[in-house]
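# Observations on the model geometry
This is what each chain is made of:
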Amino acid sequence: MNMNNKIKWMFLVVAVFMVTLPVHTFAAGKVYKLGLSLAITGPTSDAGNPYAKGVEDYFNFVNDTKMLGEDKIDCTIRDDQYNNDITKRNFEDFMSQGIVFYLNYSTGSTLALKKDFEEEKIAVIPASFHAGNLIDSNYIFLPIASYSAQAIGLAEYIVNNHKGGTPKVALFIHPSAFGRGPVEDVQKAVSAGLKMEIIEVVEHGKDLDNTAMLQRLLSKGVQYVISQTVQSPVATMLKDAAGLGLAAKTFGEAGKLTFLGCHYTGGNDLVALAGPAADNFYWTTSYIITNEPSAGATAQLDLAKKYNRDEKAANSHNYANGMMVAQVATEVIKRAKAKGKEINKANLYEEMLAMNGDKAFSPGTTVGPVTYSKTDHAGVDSLQLYVVKDGAFKSAGTPFIPVYTGKIK
Amino acid sequence: MSSNRWFATGNYFTSYKEEQRIFFTSLDRSAMVLLILALFLWPLFIQVDNKYMLVIDNILVAVVAVMGLNLVTGFAGLISIGHAAFVGIGAYTIACFGRVLGENHMLLTHAWPLMIVFAGCIGAVFGGIVGLPALRLRHLYLAIATLSFQMIFQWTINFMDFFNQGQTISVTRVAWVTGTVSRSEHYTFWYYAILVAIVLVGFAVRNLLRTRYGRCLVAVRDNDRAADAMGMHPGFTKVYAFALAGFFAGVAGALHAYLYRGVGIESFTLSHSISFLAMAIVGGLGTLHGAFWGPLAIKILDLQVEQLSEWVGNHLTFATNLATALKPLSFGLVIVLFLMFEPRGIANWWRIVRSYVKLWPFRY
């Protein structure tokens, strides 16, 4: 090819590129930027990792199936290693990129950034269900019932199913805002008439042996232990209880301890960590589980399969958790688009507040609909109780809404 | 001293006074003035995202803290592994005022420079108290004493309701002559505020080292018995070294509180103390500019490793645990490598570069 021909070809390529460029730009639709900062590595990454995958896969699914037509969601996922200072940096980065909706993770960082969310007027869904997130806040939305509601729900289950006098309960909590959150609310529920006695609140450390604690609780007449922490300390406690022969074989067995826990204490990871000792552990969450067939479980497993996730991630309740917040974010974008509104922070916030009544959203991954309003920033109000039988979680009863949550407001 | 103070190729001091100059040559002075001018002027010409401005501010806060640690560990030779607790004291001083007087009290919003100095003073008081064991303890035993202060601090904050049990206590926005500093101006505003603080404390340290009190620090580090025999007071010197370090740390803590607009225990843990110590070692113990190099190097390393960990965590699922370990691993490795191969830190590289430039084109 001589020089002239080369130049001609070059011009032709450039011309084609220039002509097609605007067409592609128009055809590509709009891109809505979202951000998620969470612990992919570091403390709690066992929960953060499947959570991130759930978010990533669902947004990929939205884009691949053209759920928003030609428009796309671009959600940047950043690791913050469970460090508030890094979360703040990530948030500032996302704001510079022009995000319209933000997904956060830990209790600590949600509380630390609360004022920033208010100033930026951006709707935020954290992975933390701490009721304190909602105090003095207009823009934070919990995806499901708060830890307080979960702990109260478990307490109500104890009171309703306990045989004999007043049940004696201990709270086993994480030594942080995340763990301490529900304690005061459970105490309030007791003051408001919930007939149980809180014997002790145990803030666990990094104990590798809980023998002394378990013996102490038993000597004080404790029969039930409600846990609000992560899986590993619960697994240690369950294994110690099983080893000492202190774990109840049936709910409320006299002279033994029945263990119960909130969202982050349970799931398949607990069974993997505690082994047979996890049997008869009661767990509450608002998410469905993949052990039991449902449309939501099928959707979750299909999504994980589509994006080549392993069995562990696919069956994780934290994968469902991540998937669900992505579903809510997508839904508000869809609704705003359907109304012809511009996709921006203000309009998405408005759509979040309007998600109630006949506009409640059922993602399928939860046991009840997601509802938000100006006065209700907790998404799914219903909780489901699960119990480990033969090494797998199974539903115990039907979804319920704790009664005392409303009474202590 | 050389007759030409611009192109001196060596130090030809003819009096002790000359040796005590802040700048040895006019070139040094001019370079410093230009550097400070450049540091003040660049934000006017270059737009930087909030994310990076926050990183820069964070490095500058660490510089203030490490200057203090360098005084006690580098110059006075007293190991302290509770420095983050002193920084926390400064931050919680601001938070306490907020809780007692109300977040938007004039003292916090308008008299913030005074509050920063006051936080430094509280840090100095605690530093002095924690320094008391230094009268009797040395080396590893002193390290354990400072470690215990770190533990007591964390425990106190974590369990006292007044401190919100370690949860974030918010700090308000401050006022400036143009009104309340807005969100868009926040990081640039604090860049300037921290820079002013660094210039002030930097010159303060440089001056301190020219005085008998500064020379006492070095003398006590090298041999406290000899220093005692020379008429110095090793006990007093050790306590004021801790108090000075506490002051700098307190100032850094207050700046951190205002910068992040909140104070939570997570920012002042033992790992932060070790991080400050690493910055001092990597920068160069016992040098003033080591306090600048260390935070810069460690924070940038942190950023790079964070990105690598994130990539590994995202793409190599089976290696998530490895990704989690990358940060502490790289951090520990850097400290070990510096201790083994360059115990004088980056400051020594700077010294080599400087002497090369100073003698250029002649070499020896």
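Being a predicted model, the structure only gives us computed values, none of them experimental.

### Concerning the overall build of chain B
Each helix and strand counted, chain B has 15 helices and four strands in total. Computed over the C-alpha atoms, the radius of gyration of chain B is 21 Å, within 12% of the 21 Å expected from 2.2 N^0.38 for a compact globule of 364 residues. Its C-alpha atoms put chain B at 60 × 55 × 50 Å along the principal axes. Considering chain B as a whole, with its 364 residues, one finds that 43% of them fall into the buried category. Restricting the contact set of chain B to residue pairs at least 6 apart, pairs at least 24 apart contribute 76%.

### Brief notes about the interface of chain A and chain B
Contacts between the two partners involve 23 residues from chain A and, on the opposite side, 25 residues from chain B. Within the residue set of the side of chain A that touches chain B, elements represented by two or more residues are helix H2 (45–64), strand E2 (72–79), helix H3 (84–97), helix H4 (107–112), helix H5 (114–120) and helix H7 (177–191) of chain A. Top element by residues in the side of chain A that touches chain B is H3(A). It accounts for eight residues. For the side of chain A that touches chain B, a count of residues per class yields six nonpolar, seven polar and ten charged.

### Comments concerning the sheet that holds strand E13 (residues 392–395) of chain A
Residues and elements named next belong to chain A. Read from one edge to the other, the open sheet built from seven strands follows the order E7-E6-E8-E9-E10-E12-E13, with strand pairing classed as mixed. Since the sheet does not close on itself, it has two edges, and those belong to strand E7 (197–203) and E13, each with one partner. Across this sheet, the average inter-strand angle for adjacent strands is 25°, counted without regard to direction. Bridge count for strand E8 (residues 224–228) against strand E9 (residues 258–261) is four bridges, and the pairing is parallel. Bridging across to E9, Tyr-224 finds its partner in Thr-258.

### Observations concerning the sheet that holds strand E4 (residues 124–125) of chain A
Residues and elements named next belong to chain A. Here we have four strands laid out as an open sheet, ordered E2-E1-E3-E4, and parallel in their pairing. In this open sheet, the two edge strands, each paired with only one partner strand, are E2 and E4. When strand E1 (residues 31–38) meets strand E3 (residues 101–103), the two strands line up parallel, connected through three bridges. Counterpart to Gly-35 in the pairing with E3 is Tyr-102.

### Considering the domain arrangement of chain B
Residues and elements named next belong to chain B. Splitting chain B by domain gives domain 1 (1–15 + 25–46) and domain 2 (49–271). The gap between the C-alpha centroids of domain 1 and domain 2 is 29 Å. With four residues of domain 1 at the contact, the number on the domain 2 side is four residues.

### As for the nonpolar core
Among the nonpolar cores identified, the biggest contains 122 residues, and Val55(A), Ala155(A), Val225(A), Leu238(A) and Leu348(A) are the most heavily contacted of them. Examining the composition of this core, we find that eleven residues originate from one element, helix H13 (residues 317–338) of chain A, more than from any other. When residues are assigned to domains, this core turns out to be shared by domain 1 (31–145 + 293–376) and domain 2 (147–285 + 385–407) of chain A, each giving three or more. Those residues in contact with Leu348(A), other than ones at most four positions away along the chain, are Val100(A), Phe101(A), Ala123(A), Val332(A), Ile333(A), Ala336(A) and Ile343(A). Leu69(B), Tyr92(B), Ala124(B) and Leu255(B) belong to the second largest nonpolar core, which has 100 residues in total.

### Describing the domain arrangement of chain A
All names here are of chain A. Here chain A is partitioned into domain 1 (31–145 + 293–376) and domain 2 (147–285 + 385–407). Relative to domain 2, the C-alpha centre of domain 1 lies at a distance of 28 Å. Taken together, the contacts link 17 residues of domain 1 with 16 residues of domain 2. Of all the secondary structure elements, the ones that give two or more residues to the side of domain 1 that touches domain 2 are H2 and H4. It is H4 that provides the largest number of residues to the side of domain 1 that touches domain 2, a total of three residues. Along the lines of polarity and charge, the residues of the side of domain 1 that touches domain 2 split into six nonpolar, ten polar and one charged.

### Comments concerning unusual backbone geometry
We note that Thr44(A) has phi near 65°; this positive angle belongs to a residue other than glycine. Along the polypeptide, Thr44(A) turns up in the loop between E1 and H2. Taking the number of C-beta atoms within 10 Å as the measure of exposure, Thr44(A) has 20 and is therefore buried. Despite not being glycine, Gln165(B) shows a phi value in the positive range, around 50°. You can see Gln165(B) is positioned in the loop between helix H7 (139–159) and strand E1 (169–170).

### So, the packing of helix H2 (residues 26–45) of chain B against helix H8 (residues 186–208) of chain B
All names here are of chain B. Interaxial distance between H2 and H8 falls to 10 Å at its minimum, and their mutual angle equals 170°. Relative to H8, the element H2 is oriented roughly antiparallel. Residues Ile-36, Leu-39, Phe-40 and Pro-43 of H2 lie in contact with H8, whose contacting residues are Thr-188, Tyr-191, Leu-195 and Val-199. Residue composition of the contact of H2 with H8, by class: seven nonpolar, one polar and no charged.

### Re the confidence of the model for chain B
The predicted model of chain B has a mean per-residue pLDDT of 89, with 95% of residues at 70 or higher. This prediction of the complex comes with two scores: 0.87 for pTM and 0.86 for ipTM.

### What to know about the pairing of strand E10 (residues 282–285) of chain A
All names here are of chain A. The two faces of E10 match: Tyr-282 and Thr-284 on one face and Trp-283 and Thr-285 on the other face are all buried. Across two bridges, the pairing between E9 and E10 is parallel. Paired with Gly-261 across the two strands is Trp-283, which belongs to E10. Traced from E9 through helix H10 (residues 268–274) to E10, the parallel crossover comes out right-handed.

### Side note on the environment of Ile226(A)
Here Ile226(A) is to be found in strand E8. It is 39 Å that separates the C-alpha atoms of Ile226(A) and Ile99(A), two residues lying 127 residues apart in sequence.

### With respect to helix H12 (residues 270–283) of chain B
Residues and elements named next belong to chain B. Counted at 1.5 Å a residue, the expected span for H12 with its 14 residues is 20 Å, and the 20 Å between its end C-alpha atoms agrees. A large share of H12 lies buried, amounting to eleven of its 14 residues. Every buried residue belonging to H12 is among His-272, Ser-273, Ser-275, Phe-276, Leu-277, Ala-278, Met-279, Ala-280, Ile-281, Val-282 and Gly-283, and all of these are buried. Note on H12: the residue one or two positions beyond its end, Gly-284, has a positive phi of about 130°.

How each quantity is defined
- Chains are numbered independently. Their residues run from 1 in the order of the written sequence.
- For this description, chains carry letters from A and ligands carry numbers from 1, given in the order in which they are written.
- Note on the predicted model: pLDDT of at least 70 is required for a residue's local features to be given, and 80 or more for side-chain atom pairs to be given and counted; whole-chain, interface and lining totals, by contrast, use all residues.
- Numbering of helices and strands runs from the N terminus; a helix is a DSSP stretch of H or I covering at least four residues, while a strand is a stretch of E covering at least two.
- The atom set for the radius of gyration is the C-alpha atoms, and the globule formula is 2.2 Å times the number of residues raised to the power 0.38.
- Backbone-placed C-beta atoms define the burial measure: a residue is buried with 20 or more other C-beta atoms within 10 Å of its own, exposed with 12 or fewer, and partly exposed in between.
- Contact criterion: two residues are in contact if their C-beta atoms, reconstructed from the backbone, are within 7 Å.
- Note that Gly is not counted as nonpolar here; it falls among the polar residues with everything else outside the nonpolar set of Ala, Val, Leu, Ile, Met, Phe, Trp, Tyr, Cys and Pro and the charged set of Asp, Glu, Lys and Arg.
- Should DSSP find at least two bridges between two strands, the strands are regarded as paired.
- Note on method: axes are straight lines fitted to C-alpha atoms, helices fitted across the in-contact stretch only, with angles between N-to-C directions ranging 0 to 180 degrees.
- These domain limits were set by an automatic method or by a database of domain assignments.
- The term nonpolar core means buried Ala, Val, Leu, Ile, Met, Phe, Trp, Tyr and Cys residues held together as one set by C-beta atoms within 7 Å.
- Roughly parallel here means an angle under 35 degrees, roughly antiparallel means over 145, roughly perpendicular means 65 to 115, and every remaining angle is called oblique.
- On a scale of 0 to 100, pLDDT captures the predictor's confidence in every residue.
- Call a crossover right-handed when, viewed with both strands pointing away from you, the route from the first strand across the helix to the second goes clockwise.
- By definition here, a helix of n residues has an expected span of 1.5 Å times n minus one.

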